[in-house]
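So the chains spell out like this:
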Amino acid sequence: THDQAVVAGLDPVVSAVEDDDRWFVGLRISHSQGRIEEDFNRILAAFDVEGFSPILVKQGAGWSGWIAVSRGSVKVAMRLRQRLESVIVTTGLRAGIGTIRKGTQGRFVSIEEAALAGEVAALRHVSGGGLLLSIDELSDSELVLLALRMSAIRSAAMKLLGGAVAVPELLRTCLLYT
C-alpha cells in the first residue's frame, strides 16, 4: 500500500555499496487529493508495462524515489518519461523527473533534480491535467529561485549536521533515509 515506507524490497546499506556501477533516474510525484491509493496503483501499473521497477517512498503529499535503468540510455529515458507522462496527464498529478546519472551519488543528484522539477510542476498552473517536468525544462528564473532557496536550506542543514558531513559513510547513510 501507499503507506509502506518502501514499495519494493531494498536494503539501503547493501544497495549503497552495490550501486556505484548502476544508472538511475530520480522521480518525485505529488498526488491529487482524495485519490492517493488509486493514483499510486496507476503509477505502478504504468511502469510495470515497460518492465521498470521503481523504488518509491511515501513522502509528504506524494512519492519520491528512483528507477534503475540500463547504461545512460536515451531510449530508456524517453520510454520512462512516456510511461510516467501517460499517467500524469490523465490523473492531474504533478511530477518531476531527474536526469540519468551513474552511481550512488548520481542517484541522489537525480532524485534532487526530480524534487526540484516536481516542486515547480506543482506550482505551475496547467488547465485540464497534470504536468511532468524535468530539470532541463525549467526556466532560468525558476532555476535561480530554486538555487537561492536551496542555498538557504543547505546553510541551515550544515549548521545542524556539523561534523557529520566530514564522515562520508555517515552522510550517505543519512541521505538514504531522507
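Here the structure is a predicted model, which means the values were calculated and not measured.

Quick look at the overall build of the chain
Moving on, step 1. In terms of regular secondary structure, the chain is built from 6 helices and 6 strands.
Moving on, step 2. Along the chain direction, N to C, the helices and strands of the chain fall in the order α-β-α-β-β-α-β-β-α-β-α-α.
Moving on, step 3. Burial status across the chain gives 40% buried among its 178 residues.
Moving on, step 4. In the chain, 72% of the contacts between residues at least 6 apart in sequence involve partners at least 24 apart.
Moving on, step 5. Of the roughly 9700 Å² of accessible surface on the chain, a fraction of 58% belongs to carbon and sulfur atoms.

With respect to the confidence of the model for the chain
Moving on, step 1. Here the chain averages 75 in pLDDT, and 68% of its residues register 70 or above.
Moving on, step 2. Below a pLDDT of 50 lies the segment residues 1-17, which in the model reaches 28 contacts outside its immediate sequence neighbourhood of four places, other chains included.

Re the nonpolar core
Generally speaking, nonpolar side chains in soluble globular proteins are found buried as a group.
Moving on, step 1. Ile29, Ile43 and Phe47 are the most contacted members of the largest nonpolar core, which has 22 residues in total.
Moving on, step 2. Elements supplying a minimum of two residues to this core: strand S1 (23-30), helix H2 (36-50), strand S3 (62-69), helix H3 (74-91) and strand S4 (94-97).
Moving on, step 3. Of all the elements, H3 adds the most residues to this core, at 5 residues.
Moving on, step 4. Apart from residues no more than four positions distant in its own chain, isoleucine 29 is found in contact with Ile43, Ala61, Gly62, Trp63, Leu84, Ile88, Leu93, Arg94 and Ala95.
Moving on, step 5. Counting residues in each nonpolar core, the second largest holds 9 residues, with Leu116, Val120, Ile135 and Leu138 among its members.

Section: the pairing of S4
Moving on, step 1. Here S4 shows no split at all, with Arg94 and Gly96 on one side and Ala95 and Ile97 on the other all buried.
Moving on, step 2. As judged from the 4 bridges shared by S1 and S4, these two strands associate in the antiparallel manner. Opposite leucine 27, over in S4, you have isoleucine 97 as the bridge partner.
Moving on, step 3. Here 4 bridges tie S4 to strand S6 (residues 131-134), and the two strands are oriented parallel to one another. Of the residues in S6, the one forming a bridge with arginine 94 is leucine 131.

Section: the packing of aromatic side chains
Moving on, step 1. Per the stated rule, a full pass over the model turns up 2 aromatic pairs.
Moving on, step 2. Between phenylalanine 40 and tryptophan 63, the aromatic rings sit 5.1 Å apart at their centres with planes inclined by 40°, giving tilted as the arrangement. With phenylalanine 40 in helix H2 and tryptophan 63 in strand S3, this pair connects stretches of sequence that are 23 residues apart. Here phenylalanine 40 and tryptophan 63 have matching classes, each one buried.
Moving on, step 3. Ring centres of phenylalanine 47 and phenylalanine 52 lie 6.4 Å apart, and the angle between their planes is 90°; on these two criteria the pair is classed as edge-to-face.
Moving on, step 4. The ring of phenylalanine 108 carries the charged tip of arginine 107 above its face, separated from the ring centre by 5.5 Å.

Scoring rules and cut-offs
Residues numbered from 1 in each chain as written. Predicted model: local features only at pLDDT ≥ 70, side-chain atom pairs only at ≥ 80, totals over all residues. Heavy atoms only, no water. Helix = DSSP H or I, 4+ residues; strand = E, 2+ residues; numbered from the N terminus. Buried < 20%, exposed > 50% of the residue type's maximum accessible area, 1.4 Å probe, protein only. Contact = heavy atoms within 4.5 Å. Areas by Shrake-Rupley, 256 points an atom, 1.4 Å probe, with all protein chains shown as cover. pLDDT = per-residue confidence, 0-100. Core = buried A, V, L, I, M, F, W, Y, C linked by side-chain atoms within 4.5 Å. Pairing = 2+ DSSP bridges. Phe/Tyr/Trp six-rings, centres within 6.5 Å; stacked < 30°, edge-to-face > 60°. Lys NZ or Arg CZ within 6 Å of the ring centre and 35° of its normal.

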